[in-house]
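Tertiary structure, described
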Amino acid sequence: MRSTTRRGLLLTALILLGWLISLIGLLQLDLGQLPGPVLGPLVIGAVLIRTLLQTGLFIVGHDAMHRVLLPESRGWNDRLGTLSLALYAALPYGRCRANHQRHHRFTASGKDPDFHGDVGAGVWGWYRRFMAGYLTVGQMALLLAAWGLLALIARGFTPLGAWNVLLFCTLPLLLSSLQLFLVGTYLPHRSQRSPQSQARPQSLDLPPWLSLLACYHFGYHREHHDRPDLAWFQLPRQRRCSVPLAPA
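Presented here is an overview of the structure given in this document. (Residues numbered from 1 in each chain as written. Predicted model: local features only at pLDDT ≥ 70, side-chain atom pairs only at ≥ 80, totals over all residues. Heavy atoms only, no water.)

A cluster of nonpolar side chains, Leu149, Leu152, Ile153 and Phe157, forms an exposed patch at the surface whose accessible area comes to about 420 Å². Here Leu149 shows up in helix α6 (residues 137–155). Residue Leu149 is classed as exposed on the basis of its relative accessible area, which comes to 52%. (Patch = residues over 30% accessible without salt bridge, like charges linked within 9 Å, V, L, I, M, F, W, Y side chains within 5 Å. Areas by Shrake-Rupley, 256 points an atom, 1.4 Å probe, with all protein chains shown as cover. Salt bridge = Lys/Arg side-chain N within 4 Å of Asp/Glu carboxyl O. Helix = DSSP H or I, 4+ residues; strand = E, 2+ residues; numbered from the N terminus. Buried < 20%, exposed > 50% of the residue type's maximum accessible area, 1.4 Å probe, protein only.)

Set out below in structure tokens:
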């Protein structure tokens, strides 16, 4: 097994374990027993951490779609991708992979399921179309059923269990979808709409630490489209190689 694969699997394990442990811990948190000065910062911090981990699930699934998560075993690669996308938002791995292949093959065209060429639609019109391409009525039903079950479990630990689910499951998923859309779709591809109609997506000019927090380096989007065979954690090095040095 290659060192890149081992690193990717280790990071995948950390994301999955972090997501699961934080879910279990936060569902048991009794919000009503926390003092006011502690409640606000704790909830905000927990929501941000859960959002980052939620996005991490999709990034793992995204690497699996490109078959770079575990290239030595396509079967296990796809199983890990299926698990990650199911935990993320009950997303079907096969359909997501087919759509993502179309996105790379027909970038910024009418055949690109992630692209919205109508400038008049604005950012929110693009976001609605983006979400409609990933979520179906059946998936929403599965999500609501899962959240309802989690709320029943959480109520066994705290009377405010439903709030725990809303704050630490529903809200992070919503924020994560915005994060993935803005950093990984809208900002990199908006210059490919008319009147600019640039041929290639743009990368966000972020330092690596901020790029990681912004969306697991998904903002280095030109590098990703140039080298879709690279894992998400390899994109900063590709970015350094692709950006010319400023003249002295």
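Below, the discussion takes up the pattern of salt bridges. All chains considered together, the criterion is met by six salt bridges. One salt bridge connects Arg67 with Asp78, and the closest N-O pair in it is separated by 2.9 Å. Separated by eleven residues along the polypeptide, Arg67 in the loop between α2 (36–65) and α3 (74–89) and Asp78 in helix α3 bring together distant segments of the chain. Look at Asp78 and you get buried, because its relative accessible area is 16%. Salt-bridge contacts for Arg239 lead to Asp205; the nearest nitrogen and oxygen are separated by 3.8 Å. In this pair, Arg239 is assigned in helix α10 (residues 235–242) and Asp205 in the loop between α7 (161–189) and α8 (208–215), connecting sequence segments 34 residues apart. Because the salt bridges share partners, they merge into one network encompassing Asp205, Glu223 and Arg239.

The terminal C-alpha atoms of α6, which comprises 19 residues, lie 27 Å apart, in line with the 27 Å expected from a rise of 1.5 Å per residue. Buried residues of α6: Gln139, Leu143, Trp147, Leu150, Ala151 and Ala154, and no others. On an axial view of α6, the arc spanned by its buried residues comes to 115 degrees, and they lie on one face. Residues Val137, Leu142, Leu144, Leu149, Leu152 and Arg155 are exposed on α6 and point more than 90 degrees away from its buried face. On its buried face, α6 is in contact with α1 (3–27), α3, α4 (93–105) and α7. (Expected span 1.5 Å × (residues − 1). Arc of directions from axis to C-beta. Contact = heavy atoms within 4.5 Å.)

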